[in-house]
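Structural overview for review
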There are 2 protein chains.
Amino acid sequence: MICDVLVIGAGVMGLSSAYHLKRLNPGKRVVLIERLGAPGQGSTAKSAGGYRNLLLSGTNRLLAEATIEWLRHIQTETEHDVKMHNTSYLYLLGESQYGRRKPLFEELGKAGVGLKTYDTGELKALIPDLVTDFGGDEEAEMMGLEPIEIGVQGLNCGSVDTDSLSRCLEALFLGLGGEVHYNTSADRLILGAEKELDLPGEPFVWQGAVVKGAETSRGEIRAETTVVAAGVWSERLLDPVGFDSMTRPKKRCMFVFKDPGLERLLYTKGFNEEGVLPVTQMSDAGVYLKAEASEGSLWLGVTEDLGRGYGLEDDPQAEMETYADNAYHALVKYLPCFEGVRPVNSWAGQRAINRFDKIPVVEGMPGLIYVGGATGNGIMKCESLGRVVAAHYAGEEEAELYGGRRVRVSDISVKDRRVEKERF
Amino acid sequence: MICDVLVIGAGVMGLSSAYHLKRLNPGKRVVLIERLGAPGQGSTAKSAGGYRNLLLSGTNRLLAEATIEWLRHIQTETEHDVKMHNTSYLYLLGESQYGRRKPLFEELGKAGVGLKTYDTGELKALIPDLVTDFGGDEEAEMMGLEPIEIGVQGLNCGSVDTDSLSRCLEALFLGLGGEVHYNTSADRLILGAEKELDLPGEPFVWQGAVVKGAETSRGEIRAETTVVAAGVWSERLLDPVGFDSMTRPKKRCMFVFKDPGLERLLYTKGFNEEGVLPVTQMSDAGVYLKAEASEGSLWLGVTEDLGRGYGLEDDPQAEMETYADNAYHALVKYLPCFEGVRPVNSWAGQRAINRFDKIPVVEGMPGLIYVGGATGNGIMKCESLGRVVAAHYAGEEEAELYGGRRVRVSDISVKDRRVEKERF
């Protein structure tokens, strides 16, 4: 097969890239391939779908805010339903955690990010299940758990349904005449020489190297430009070419709870119009919670940093002990309503972590554009990143994001990178 | 075994770190372990041993210049012989290569880096074997090879013998009472909790994680601080802990030539006091040459970038085709004296490439200091980096380098990194 642009990976990043490439180049044949059977079934499906504008790096926040604005437009002004719920984010913080984060919250406030704080009295009134103080609980003290001192709420935050978002992006792409091939895996990028001599072994070290498409499970697909948007699996394509994906894969486990004893927590009132618990980050417990009101469940993600190794898996699974023998110990101290409740479902995803500055990368080499490294923030930046990919393809200096704000394409490249490290 | 500081890896980076840690902490037990049987037998031994101060990033050049100054001190003012030969570096550049690099050379000149340029007439006079112009050679034209337009020489550049350097650093460390254990591999870092509860599964997600030493082939070694200086192999130790080494391994093949027909090239006069060919970078041919006068040979390194995959190997080997079916085609056009000459020896090393900014990393987490990412420049920065490791260990803001200049420790950390990307 021959096409103008081959996009590898139908997660939100690949879907958005394909859509914007086709939108801005209607005459070009844009082909999207995906090893799985439907859009957004890889790491996209394993994500909590959270979005937040609580980001300190200007470029990073811009990418997120424009995507959030677009999501709101899609939800309220089109026939698509991405199940966007602006339930807000809530950070429950102990003294030392808050001490570290206070200057960051202040910076966010100065940057115009909507925030609201709650003292422990207010938190207890709104979340009766929450223990903010371990007075007398020697075990909690021995564990080194800190009482919760403050709650900080991010207002322009919430979540979408990642499957609905994927199907929406797919529909937009297909509506423009884009082509999608599922169950089609990219096995290898085809690397050739800038000026081909038709000799075996090209490209030689004295030639310019060019990506000319990919060998796939359905045969060779030749393309003038290949976009690699395969998330954590991008390294499998890029490593053999000697192109660094700039990210490392790290697993993140998610557990789903559905229990009468958790309903009061799930339907926590007072934080948002939906009357549900915000996406709640409990750093001291190493977990976060998300209300999934449509199914009456609470999702619990375990935020492992050091202690969770890097390493790519084909089909990552959640280990029950990550909850039961690990996060659980601290969780029940803060939220005793979880005591004895077992998850009804679990899964694991993989984040593509850019440890250097935690900001996504759009970088090219002749014939190739790579987009990745969203560091677990892919959902909330996907629309913007697709636009950056399309601008990179067109050789434009700037990409216009949804809502009209602009970002310099080279700012999130590797070669001419110009971003503040994300410190939040 | 219990020690104060465990250093893993007796390449130049680990040796230098161990030496400076012991020098500044004479009362501490500093133990250096190495899986191989002698110092500097890993990637250090596979390196060309080149050094150069042709670096544009201020921090990067400072690290190199101080190390070069120290090497000169060792060579001229001590009983150690690291076989330092200030043969200079010579860049042979075609029009487009020079066009790209000219502003960089100008910046180097402004920064006080000693440079000298040669036009093609001068180059031909000094290197009679060199073809600067392919007039009439249709094959060279078809191959897209550019005639050489200019030679740029870096004066404070040359090479050392990496084995001698390793033995020198080892002797310095042992002379202070340091301990070295060879044939001792580190299999796994021991990760524990900041406040241990003696429960299985620590550290839990709600605990602070601390490195407490390593499991080695000679049993557990507990240490207050573990320094990982295992080069490209560092990722094997750091990945399971979830700590990013920030580098990717890339193989680099070296070929050795010893032939009467190459002697005129080897003993090229006029560039240095030794009367040998400078370390000569031929970017258009994808190779560099180094005169090894002590053995009457020329070393040829193949500079593969894209086209050479990333990937860690235990015992990398040079593939003959990398020379014979690849670099050779272009090399003989520029240097016909190589025609028909086969290498008498070859090997391969691995560079730990930090693709983001090409500058080394010294980063810590509780109980751990990691040094790496020198991107093929480890020899020429090792002495400085050992000092940065020791300053990091002491919690000092700045490290004093050889000669008295200072570098801010956090500048080459990941967390608070403040370096210009290396553009040369």
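Numbers given to residues run from 1 along each chain, matching the order in which its sequence is written. Numbering of ligands from 1 and lettering of chains from A proceed in the order in which they are written. Local features are withheld for residues below a pLDDT of 70 in this predicted model, meaning they are given only at 70 or higher, and side-chain atom pairs are given and counted only at 80 or more; totals for whole chains, interfaces and linings count all residues. Side-chain measures here rest on the full set of heavy atoms in the structure, leaving out hydrogens and waters.

Per the convention used, a helix needs a DSSP run of H or I reaching at least four residues, while a strand needs a run of E reaching at least two, with both numbered from the N terminus. Counting its regular elements, chain A contains 11 helices and 20 strands. As defined in this context, the radius of gyration uses C-alpha atoms, and a globule is described by 2.2 Å times the residue total to the power 0.38. For 424 residues, the compact-globule formula gives about 22 Å, and the C-alpha radius of gyration of chain A, at 22 Å, lands near that figure. Per-residue burial over chain A gives 61% buried out of 424 residues. What makes two residues a contact is simply this: any of their non-hydrogen atoms within 4.5 Å. In chain A, the proportion of contacts linking residues at least 24 apart, taken out of those at least 6 apart, comes to 74%. In this description, accessible areas are obtained by the Shrake-Rupley approach with a 1.4 Å probe, and a residue is regarded as covered only by the protein chains that are shown. Surface summary for chain A: the accessible area is close to 15900 Å², and the carbon and sulfur share equals 46%. His is not counted, nor are the chain ends, whereas Lys and Arg count as positive and Asp and Glu as negative. To locate a charge, the coordinates of NZ of Lys, CZ of Arg, CG of Asp or CD of Glu are taken. Taken together, the 47 basic and 62 acidic charged side chains of chain A have centroids lying 3 Å from each other. Burial classification: accessible surface area is computed with a 1.4 Å probe over protein chains only, and a residue below 20% of its type maximum counts as buried, one above 50% as exposed, and the rest as partly exposed.

With 48 residues of chain A at the contact, the number on the chain B side is 48 residues. By definition, the buried area sums, over both parts, the 1.4 Å-probe accessible area that each loses when the two are put together. For the pair chain A and chain B, the summed buried area comes to about 3900 Å², and 63% of that belongs to carbon and sulfur atoms. When the buried area of chain A at its contact with chain B is split by residue, Val-205, Trp-206 and Phe-356 of chain A rank highest and sum to 21% of it. By definition here, a salt bridge exists when the distance from a side-chain nitrogen of Lys or Arg to a carboxyl oxygen of Asp or Glu is within 4 Å. Two residues, Asp-239 of chain B and Arg-248 of chain A, come together in a salt bridge whose shortest N-O distance is 2.7 Å. For the purposes of these results, a polar contact is taken to be a pair of N or O atoms within 3.5 Å, where, inside protein, one atom must be able to donate a hydrogen and its partner to accept one; residues adjacent in sequence count only when each atom of the pair is a side-chain atom. Where chain A packs against chain B, one counts 18 residue pairs in polar contact (both at pLDDT 80 or more). Contributing elements (two or more residues each) for the side of chain A that touches chain B: strand S12 (248–257), helix H10 (320–334) and strand S17 (361–365) of chain A.

For the rest of this paragraph, the subject is the domain arrangement of chain A. Residues and elements named next belong to chain A. Domain parsing of chain A yields domain 1 (2–79 + 162–247 + 356–412) and domain 2 (89–154 + 249–353). Annotation comment: domain bounds sourced from an automatic or database domain assignment. Centre-to-centre, using C-alpha coordinates, domain 1 lies 32 Å away from domain 2. Note on domain 1 versus domain 2: buried area summed over both sides is about 2100 Å², and carbon and sulfur give 62% of it. It is Lys-46, Leu-54 and Leu-56 that lose the most area in domain 1 upon contact with domain 2, and together they represent 30% of the buried surface on that side.

What follows is about the packing of helix H1 (residues 12–24) of chain A against helix H11 (residues 382–394) of chain A. Residue and element names in this part refer to chain A. At a minimum axis distance of 7 Å, the contact between H1 and H11 shows a crossing angle of 45°. Relative to H11, the element H1 lies oblique. Of the two elements, H1 crosses H11, and the hand of that crossing is right-handed. Note on element contacts: H11 touches H1 through Cys-382, Glu-383, Leu-385, Gly-386, Arg-387, Val-389, Ala-390 and Tyr-393, opposite Val-12, Met-13, Ser-16, Ser-17, His-20, Leu-21, Arg-23 and Leu-24. Under the convention adopted here, Pro, Cys and the residues Ala, Val, Leu, Ile, Met, Phe, Trp and Tyr are nonpolar, Asp, Glu, Lys and Arg are charged, and Gly plus all remaining residues are polar. Considered class by class, the residues forming the contact of H1 with H11 number 9 nonpolar, 4 polar and 3 charged. Geometry is summarised by axes, namely lines fitted to C-alpha atoms with helices restricted to the contacting stretch, and by angles between N-to-C directions that run from 0 to 180 degrees. With respect to orientation, any angle under 35 degrees is reported as roughly parallel, any angle over 145 as roughly antiparallel, any angle of 65 to 115 as roughly perpendicular, and every other angle as oblique. Crossings are classed by handedness, with left-handed meaning an anticlockwise turn of the near helix from the far one by less than a right angle and right-handed meaning a clockwise turn.

So, about the sheet that holds strand S13 (residues 279–282) of chain A. Residue and element names in this part refer to chain A. Note on pairing: two strands pair once DSSP finds at least 2 bridges between them. Pairing in this open sheet of 8 strands is mixed, and the strands run S5-S6-S4-S13-S14-S15-S12-S16 from one edge to the other. Only two strands of the sheet have a single partner each, and these edge strands are strand S5 (115–119) and strand S16 (345–353). On average, adjacent strands in this sheet sit at an angle of 20° to one another, irrespective of strand direction. Note that S5 and strand S6 (residues 148–154) share 5 bridges and pair antiparallel. Bridge assignment links Asp-119 to a residue of S6, and that residue is Ile-150. Against the sheet, helix H4 (residues 95–110) touches strand S4 (89–94), S5 and S6, its axis set at about 140° to S4. Along the sheet, H10 makes contact with S6, S12, S13, strand S14 (287–292) and strand S15 (297–302), crossing S12 at roughly 65°.

What follows is about unusual backbone geometry. Phi is mostly negative for residues that are not glycine, and the peptide bonds are mostly trans. All names here are of chain A. Note the cis peptide between Glu-202 and Pro-203, where omega equals 0°. If you trace the backbone, Pro-203 turns up in the loop between strand S9 (186–193) and strand S10 (209–216). One non-glycine residue with positive phi stands out, namely Lys-83, at about 55°. Position of Lys-83 among the secondary structure elements: in the loop between helix H3 (58–77) and S4. In this structure, Ser-88 takes a positive phi of about 75° despite not being glycine. Turning to its location among the elements, Ser-88 is positioned in the loop between H3 and S4. Of the residues examined, Ser-88 reaches a relative accessible area of 2% and is grouped as buried.

Turning our eyes to something else, we now look at the pattern of salt bridges. All names here are of chain A. Within this structure, the stated rule accounts for 52 salt bridges over all chains. A salt bridge links Glu-215 to Arg-188; the shortest N-O distance between them is 2.6 Å. Placement of Glu-215 in strand S10 and of Arg-188 in strand S9 is noted, with a sequence separation of 27 residues between them. Owing to a relative accessible area of 28%, Glu-215 belongs among the partly exposed residues under this scheme. Using a relative accessible area of 41% as the deciding quantity, one classes Arg-188 as partly exposed. Taken together, the salt bridges that share partners define one network made up of Lys-251, Glu-304, Arg-308, Glu-313 and Glu-319.

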